[in-house]
Amino acid sequence: MAKAELMDYERAIELFEPVLGFEVHVELNTKTKMFCGCANEFGSGANTNTCPTCLGLPGGLPQVNHQAVESSIRLGLALGCGIAESSRFARKNYFYPDTSKNFQTSQYDEPIAHDGEVTVELESGRRVTVLIERAHMEEDAGKLTHLGTTGRIQGAEYSLVDYNRGGVPLVEIVTRMIEGAEADAPEVGKAYVAHIRELVKALGVSNARMEEGNVRCDANVSLRPRGSNVLGTRTETKNVNSLRSVERAVRYEIQRQAAILDAGGTITQETRHWHEDTGTTSAGRPKSDADDYRYFPEPDLVPVAPSREWVEELRATLPEPPAERRARLREAWGFTALEFQDVANGDLLDAVEATVAEGASPAAARKWWTGEISRVANARGATAGELVSPKHVSELVALVENGDLTDRLARQVLEGVIDGEGSPSQVVEARGLKVVSDDGALIAAIDEALAAQPDVLQKIRDGKVQAAGAVIGAVMKAMRGQADAARVRELVLERAAQ
Amino acid sequence: MPDISAEQVRHLADLARIDLSDDELTSLTAELAQIVDSVAKVSEVATPDVPATSHPIPMTNVFRDDAVVPGLSVEQALSGAPEREGDFFRVAPILGEEA
């Protein structure tokens, strides 16, 4: 495919005002699918979670998952939306192998939640309010794998379909047009999707793992020439599935569209595909004719009419809003902005909070979680939170603070804990990792090392204190690292002086 | 009398990915016009005080508990597949039209 011309970003913003819109799909973490009792599970063997209903076989009849409705209402409330008194499902008809039903059960004219708003904060501190048009319930489609020369949809020779995901409950959150983002537009996109991800995680309604497709974003971008009040033609970039990609995709579309418009061209209203590897988008189908979905009310399902009592009951279960929680924790922990960002970006707020609750100091909890634990998690391709419990981290911190472990020993103990050898104290015991705090043992080792290196001893006595390093090294080695180097140094100087 | 044009039928067939011959198009256009005409008779008795309805029984909030129910085996699921590869359905590629 021909490489698109891009205009310099600053220049593009000088000439045009970007107008954004986002559709974010959130996969709910219910046990079962939206309309049938098949397991909602990521990573099962292909086509192991299907039934006549989600495959659209004759005789299959959908039944609404109560938990999915409850999660959708809670999410709607957290987005500041009103909850419809009566809401119904509709069939969105389209013929494509990602559904074998030939329609997606969705909502059209009566979504469960409508008219909300969220405020996102940018790194500069600027706050941008994003209006939510609606949040509606629907089902996910099956997963297609395109096989052939490129692995992409273009040039594929055939596709393989796994219907496990078909029927998994989704909430689609649709924003109203976002104007006034200006040069911050890419960051606004990223911050908005980050906000939604954080929100659904705090609510506990989704696993919120973008890499597993739990939160997926379609980004609408159009440009309006400065001084004009006519909206430009928009493109919709589909399946932008990481925060960084949202930022990059919006930026790319601004630069691409600006170059076309500036050269006197026109933007085609179309779906575009995002390519993570090259950081570019490419044209998919034109939007106009393919959007003829012939929606009609789903005759197999009755309306969902949540009573006001139920809605208020659910409102009472909403967690502290993530932004308020962050402000509260930062204040309580006394971290700098950078330190706090480290914890928040590493998805470690819960871990640090729980570790502090177990008695560790915020600084020590932060150090371990953002440092060694995250390092090991990266190396093992795991998330930090699943490696070790806050209780064990707190215990480890206490062992270091009591002087039972040096940092170096503590890292070895952590490794043992991660490998399932038990609590930190148990690992210390089993591996015999405690710091040698018995001066007698240290002095014996020091005397031996000094005797072995008489030249060093002489240098120390001549006042060349830095020569002691060689002896300290030998002693630490003899103690297999299980000594406090500062104490060894003190003792070496003491012994040398005698 | 609703007007159904051959062009509309062609468009519907395209949306449904059905390849129609010219003869089929002609006969289907006539048949569809007749069906739409019959359905339109309902409008004659539906006065404005009859609300539109998508369901014959006035019911709301029919829910299922979120509990797993065993479904089909892989073999059962794939038994109707025109083509398969391993445990997957195998289909011809169609340029991106995901919902």
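Residues numbered from 1 in each chain as written. Chains lettered and ligands numbered in written order. Predicted model: local features only at pLDDT ≥ 70, side-chain atom pairs only at ≥ 80, totals over all residues.

A.B. asks: Sorry, what's going on with the sheet that holds strand β5 (residues 103-106) of chain A here?
C.D. replies: Sheets are built from strands paired through backbone hydrogen bonds, the pairs being either parallel or antiparallel. All names here are of chain A. Read across the sheet, three strands follow the order β5-β4-β15 without closing on themselves; strand pairing throughout is antiparallel. A single partner strand is all that each edge strand has here, and the edge strands are β5 and β15 (296-297). As paired elements, strand β4 (residues 90-93) and β15 share two bridges and run antiparallel to each other. In the strand pairing of β15, A90 is matched with P297. (Pairing = 2+ DSSP bridges. Helix = DSSP H or I, 4+ residues; strand = E, 2+ residues; numbered from the N terminus.)

A.B. asks: Please explain the packing of helix α1 (residues 6-15) of chain B against helix α2 (residues 22-45) of chain B as it appears in this structure.
C.D. replies: The description of two packed helices rests on the angle between their axes and on the distance between the axes. Residue and element names in this part refer to chain B. The N-to-C vectors of α1 and α2 enclose an angle of 105 degrees; their axes lie 9 Å apart at closest approach. The angle between α1 and α2 falls in the class roughly perpendicular. Between α1 and α2, the contacting residues are A6, V9 and R10 on the first element and L25, T26, L28, T29 and L32 on the second. Classifying every residue of the contact of α1 with α2 gives five nonpolar, two polar and one charged. (Axes fitted to C-alpha atoms, helices over the stretch in contact; angles between N-to-C directions. Parallel < 35°, antiparallel > 145°, perpendicular 65-115°, else oblique. Contact = placed C-beta atoms within 7 Å. Nonpolar A, V, L, I, M, F, W, Y, C, P; charged D, E, K, R; others polar.)

A.B. asks: Explanation requested: the domain arrangement of chain A in the structure shown.
C.D. replies: By a widespread convention, an interface's size corresponds to the accessible area lost as its parts come together. Annotation of chain A at the domain level lists domain 1 (9-314), domain 2 (322-431) and domain 3 (439-497). Taking only C-alpha atoms, the centre of domain 2 of chain A and the centre of domain 3 of chain A are 33 Å apart. (Domains from an automatic or database assignment.)

A.B. asks: I tried to follow unusual backbone geometry on my own but got confused; where do I start?
C.D. replies: Backbone geometry follows two general trends: most residues other than glycine have a negative phi, and most peptide bonds adopt the trans configuration. Residues and elements named next belong to chain A. Despite not being glycine, N47 has its phi angle at roughly 55 degrees, a positive value. Following the sequence through the fold, N47 ends up in the loop between β1 (16-27) and α2 (52-55). Although it is not a glycine, N239 adopts a positive phi angle of roughly 55 degrees. Positionally, N239 belongs in strand β12 (residues 235-240). C-beta crowding within 10 Å serves as the criterion here: with 18 such atoms nearby, N239 is assigned to the partly exposed category. (Buried ≥ 20, exposed ≤ 12 C-beta atoms within 10 Å, placed from the backbone.)

A.B. asks: Hey, could you run me through the interface of chain B and chain A in this one?
C.D. replies: Counting residues at the interface gives 35 residues for chain B and 50 residues for chain A. Of all the secondary-structure elements, those providing two or more residues to the side of chain B that touches chain A are β1 (63-64), α3 (74-78) and β3 (88-91) of chain B. Ranked by residue count, the leading element in the side of chain B that touches chain A is β3(B), at four residues. A breakdown of the residues in the side of chain B that touches chain A according to their chemical character gives 20 nonpolar, six polar and nine charged. Sheet topology places strand β2 (residues 64-65) of chain A next to β1(B); two bridges connect them, and they run parallel. Looking at β1(B), one finds that V64(A) is bridged to F63(B).

A.B. asks: Would you mind showing me how to read helix α18 (residues 468-478) of chain A here?
C.D. replies: Side chains of residues three or four places apart in an α-helix project in the same direction, reflecting 3.6 residues per turn. All names here are of chain A. Looking at α18, one finds that the buried residues are V471, A474 and V475. What you see down the axis of α18 is that its buried residues fit within an arc of 95 degrees, all on one side. Pointing more than 90 degrees away from the buried face of α18 are the exposed residues G469 and K477. The secondary structure elements touched by the buried residues of α18 are α16 (439-452), α17 (454-461) and α19 (485-497). Just beyond α18, the residue with positive phi is R480, at close to 50 degrees. (Arc of directions from axis to C-beta.)

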